[in-house]
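An overview of the molecular structure
Listed below are the residues making up each chain.
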Amino acid sequence: MAVADPVLLGATAVRPSRVRTRARMGMWELAGLVMLGLVSVIAIFAPLLAPHSTTQPVAAGAFASPGHGALLGTDDLGRDLLSRTLYGIRSTWLSALAVVGSGIVIGTLVGTVAATVGGVVDMLLMRITDLFLALPGPVLAIVAVVALGPSLPHTLLAVAAVWWPWYARIVRAEVRAVLARPHVDAARLAGTRRFALARRHLLPGAVPSVLVTGSLDVGNLVLTLSGLSFLGLGAPPPTPELGAMTANGLTYLFGQPWVALVPACAVFVLAFAANLAGDGVRDLLDSV
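All figures in this text were calculated on a predicted structure; none of them were measured in a lab.

1. A look at the overall build of the chain
On a plain count of helices and strands, the chain comes out with eleven helices and zero strands. Ordered by position in the sequence, the α and β elements of the chain form the string α-α-α-α-α-α-α-α-α-α-α. The long-range fraction of contacts in the chain, counting pairs at least 24 apart against all pairs at least 6 apart in sequence, stands at 71%. A total accessible area of about 15,400 Å² is found for the chain, and carbon and sulfur atoms account for 71% of it.

Put into structure tokens, the structure is as follows:
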């Protein structure tokens with residue numbers, strides 16, 4: 001009588017669970033990408049999707065409840081909350097992407113140079129990176145607004161100034177790990193120049209970690225920028241910003257709750273979509 005191979009039995013027992021895990025990962029990845037796509041479409045086409053002006057009152061009047069002349073209601077000045085929320089999503093989402101993009105570019109450049117050159121250059125760049133890591137972003141944003149005046153570009157500049165060091169640290173660590181691999185030594189012996197070596201062999205090894213960190217950072221930046229706007233450190237009124245709209249609506253929370261809840265829910269949806277998409281990118285890269 002033939003005896004079943006325990007290795008085959010183990011492989012058979014494990015295979016269905018792996019299939020279910022991959023299916024679950026694919027479902028979350030798809031959900032994250034769909035939500036990311038919807039948010040991006042809203043951000044890009046907000047001027048076309050908004051039914052009313054963001055600064056002018058509508059016919060429904062002030063404090064109109066949702067559905068009575070305005071789909072999501074109106075605020076204390078009679079402005080349409082749907083239109084203002086769409087523009088607020090556009091501002092917050094594009095601002096978060098801009099900060100992440102600038103952080104990736106600057107951090108990748110600093111980390112690659114530090115790891116590739118090494119020595120005194122590496123030490124100097126890392127000490128500068130540590131200096132920026134010690135600067136709290138919200139405090140720097142307050143200083144920038146006080147010195148330069150309330151403005152969204154000033155706030156973004158202050159946040160971006162303290163956001164790139166994380167990417168510099170990640171890229172430096174990844175590039176140093178790739179430098180120890182045999183194919184890099186072979187490329188050096190073949191006479192590959194330093195710039196070509198970094199472009200062809202070093203940077204590709206750091207791309208997955210940077211992409212995962214950047215995709216997860218978007219959600220953090222949505223909350224950070226909304227929090228700064230909530231404190232009045234964003235664009236001055238009447239520019240629609242989700243944090244500032246939520247802060248303004250807190251006064252009417254118990255009488256007209258939709259004034260604060262509509263922009264607050266938009267912040268939640270943005271952060272949730274960004275985090276879900278970030279998890280999907282991480283799982284997708286792990287499975288490659």
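Don't stop here, the text continues.
2. Here's the deal with the pattern of salt bridges
One pass over the full model with this rule turns up six salt bridges. Here D122 makes a salt bridge to R176, at a shortest N to O gap of 3.7 Å. Here D122, found in helix α4 (residues 119–133), pairs with R176, found in helix α7 (residues 164–179); they are 54 residues apart in sequence, far enough to count as distant. On the accessibility criterion, D122 (8% relative accessible area) is buried. For R176, a relative accessible area of 43% corresponds to the partly exposed category. Of the charged contacts in the structure, one is a salt bridge between D130 and R127, with a shortest N-O distance of 3.0 Å. Of this pair, D130 and R127 both sit in helix α4, three residues apart, which is roughly one turn of the helix.

3. Focus: the side chain of D75
Among the structural elements, D75 can be located in the loop between α2 (46–49) and α3 (81–117). Engagement of the side chain of D75 in a polar contact is seen with the backbone nitrogen of L77, the distance being 3.1 Å. Sequence-distant contacts of D75, defined by excluding residues within four places in its chain, comprise A62, F63, L81, R84 and V259.

4. Points about the packing of aromatic side chains
Considering all chains together, one arrives at three aromatic pairs under this definition. Consider the rings of F132 and W164, whose centres lie 5.3 Å apart with planes at 55°: the pair is tilted. Residue F132 is located in helix α4, and its partner W164 is located in helix α7; the two are separated by 32 residues in the primary sequence. We classify F132 as partly exposed; its relative accessible area is 25%.

5. Brief notes about the confidence of the model for the chain
On average, residues of the chain score 82 in pLDDT, and 85% of them are at 70 or above. Across residues 1–24, where pLDDT falls below 50, the model places one contact with residues more than four positions away in sequence or in other chains.

Conventions we followed
Residues numbered from 1 in each chain as written. Predicted model: local features only at pLDDT ≥ 70, side-chain atom pairs only at ≥ 80, totals over all residues. Heavy atoms only, no water. Helix = DSSP H or I, 4+ residues; strand = E, 2+ residues; numbered from the N terminus. Contact = heavy atoms within 4.5 Å. Areas by Shrake-Rupley, 256 points an atom, 1.4 Å probe, with all protein chains shown as cover. Salt bridge = Lys/Arg side-chain N within 4 Å of Asp/Glu carboxyl O. Buried < 20%, exposed > 50% of the residue type's maximum accessible area, 1.4 Å probe, protein only. Polar contact = N/O pair within 3.5 Å; in protein donor to acceptor, adjacent residues only side chain to side chain. Phe/Tyr/Trp six-rings, centres within 6.5 Å; stacked < 30°, edge-to-face > 60°. pLDDT = per-residue confidence, 0-100.

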